[in-house]
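Overview (structure and organization)
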Amino acid sequence: MSTPKKAAGGVVGAFLVEQAGRIAQDPDVHKAVAEAARPAAARMGEAAKSAKGKVKLPHRADPFAQLEASLDVVARLVEQHSPGADPAATAEWRRRITSLRNAIPLAKADQGKGRKTKLKDLQARQKALLDEVYTAVVEAQAPAQ
């Protein structure tokens, strides 16, 4: 069911399409429309140039901050899982989390390709630890068969 607004919008849209076709076919009308639109386009261009310095684009998150946040998630998982888990495994996971946290400042201090390599290594180690902890948590919560 169409409302009066939608019906009017459809009529206006059809009219605009018809006029655009007429403008495209008649070179004199096309030239007149282009001349009439030029000042508005120039004002829009100036507005875009003046807004360029004022618009703040979102930053990409620091990969080291992302790594620290993901280590917080792993640590939370370990703490929630620790009461029913093997104490040796829990201690090893905590040691690995601490080791990764201690390696972050060292990787941040490096520059160039070494920094990128160390970051990728830390991310891989963190992912492996998360996978291991997650698997242990899921297995511990699975019903016994």
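Residues numbered from 1 in each chain as written. Predicted model: local features only at pLDDT ≥ 70, side-chain atom pairs only at ≥ 80, totals over all residues. Heavy atoms only, no water.

Notes on the overall build of the protein chain
What the protein chain contains, in helices and strands, is five helices and zero strands. Its helices and strands in sequence order give the protein chain the pattern α-α-α-α-α, from N to C terminus. By the burial criterion, 19% of the 145 residues in the protein chain qualify as buried. Long-range contacts, defined here as pairs at least 24 residues apart, represent 67% of the contacts in the protein chain between residues at least 6 apart. With the model as given, the accessible surface of the protein chain reaches about 11100 Å², and the carbon-plus-sulfur share is 61%. (Helix = DSSP H or I, 4+ residues; strand = E, 2+ residues; numbered from the N terminus. Buried < 20%, exposed > 50% of the residue type's maximum accessible area, 1.4 Å probe, protein only. Contact = heavy atoms within 4.5 Å. Areas by Shrake-Rupley, 256 points an atom, 1.4 Å probe, with all protein chains shown as cover.)

Things to note about helix α3 (residues 63-81)
Given a rise of 1.5 Å per residue, 19 residues ought to cover 27 Å, and the 27 Å separating the end C-alpha atoms of α3 matches this to within 8%. When we look at burial in α3, the residues that qualify are Phe-64, Leu-67, Ser-70, Leu-71, Val-74, Ala-75, Leu-77, Val-78 and His-81. What you see down the axis of α3 is that its buried residues fit within an arc of 160°, all on one side. Seen from the buried face of α3, the exposed residues on the opposite side, beyond 90 degrees, are Arg-76 and Gln-80. In this structure, the buried side of α3 is in contact with α4 (87-109) and α5 (113-141). (Expected span 1.5 Å × (residues − 1). Arc of directions from axis to C-beta.)

Notes on the side chain of Thr-90
Counting through the fold element by element, Thr-90 comes out in helix α4. Relative accessible area serves as the criterion here: at 3%, Thr-90 is assigned to the buried category.

Description of the packing of α3 against α4
The contact between α3 and α4 brings their axes to 10 Å, and the two run at 170°. As far as their axial angle goes, α4 and α3 are roughly antiparallel. At the point where α3 passes α4, the crossing takes the left-handed sense. Residues Phe-64, Leu-67, Glu-68, Leu-71, Asp-72, Val-74, Ala-75, Val-78, Glu-79 and His-81 of α3 lie in contact with α4, whose contacting residues are Thr-90, Trp-93, Arg-94, Ile-97, Leu-100, Arg-101, Ile-104, Ala-107 and Lys-108. Looking at the contact of α3 with α4 residue by residue, the classes come out as 11 nonpolar, two polar and six charged. (Axes fitted to C-alpha atoms, helices over the stretch in contact; angles between N-to-C directions. Parallel < 35°, antiparallel > 145°, perpendicular 65-115°, else oblique. Left-handed = near helix turned anticlockwise from the far one by under 90°. Nonpolar A, V, L, I, M, F, W, Y, C, P; charged D, E, K, R; others polar.)

A closer look at the confidence of the model for the protein chain
Overall, the prediction assigns the protein chain a mean pLDDT of 81, with 79% of residues at 70 or greater. The weakest mean pLDDT in the protein chain belongs to helix α1 (residues 4-25) at 66; the strongest belongs to α4 at 93. (pLDDT = per-residue confidence, 0-100.)

Remarks on the nonpolar core
Counting 19 residues, the largest nonpolar core has Leu-122, Leu-129 and Val-133 as its most contacted members. Listing elements by their share of this core, those giving two or more residues are α3, α4 and α5. In terms of residues, this core owes the most to one element, α3, which gives seven residues. In this structure, Leu-122 is in contact with Leu-67, Leu-100, Ala-103, Ile-104 and Ala-107, ignoring residues within four places of it in sequence. (Core = buried A, V, L, I, M, F, W, Y, C linked by side-chain atoms within 4.5 Å.)

Some thoughts on the packing of α3 against α5
The N-to-C vectors of α3 and α5 enclose an angle of 20°; their axes lie 10 Å apart at closest approach. Taken together, the axis directions place α3 and α5 in an arrangement best described as roughly parallel. As for how α3 packs across α5, the hand of that crossing is left-handed. Along the contact surface, α3 presents Pro-63, Phe-64, Leu-67, Ser-70, Leu-71, Val-74, Leu-77, Val-78 and His-81, while α5 presents Arg-115, Leu-119, Leu-122, Gln-123, Gln-126, Leu-129, Leu-130, Val-133, Ala-136, Val-137 and Ala-140. Looking at the contact of α3 with α5 residue by residue, the classes come out as 15 nonpolar, four polar and one charged.

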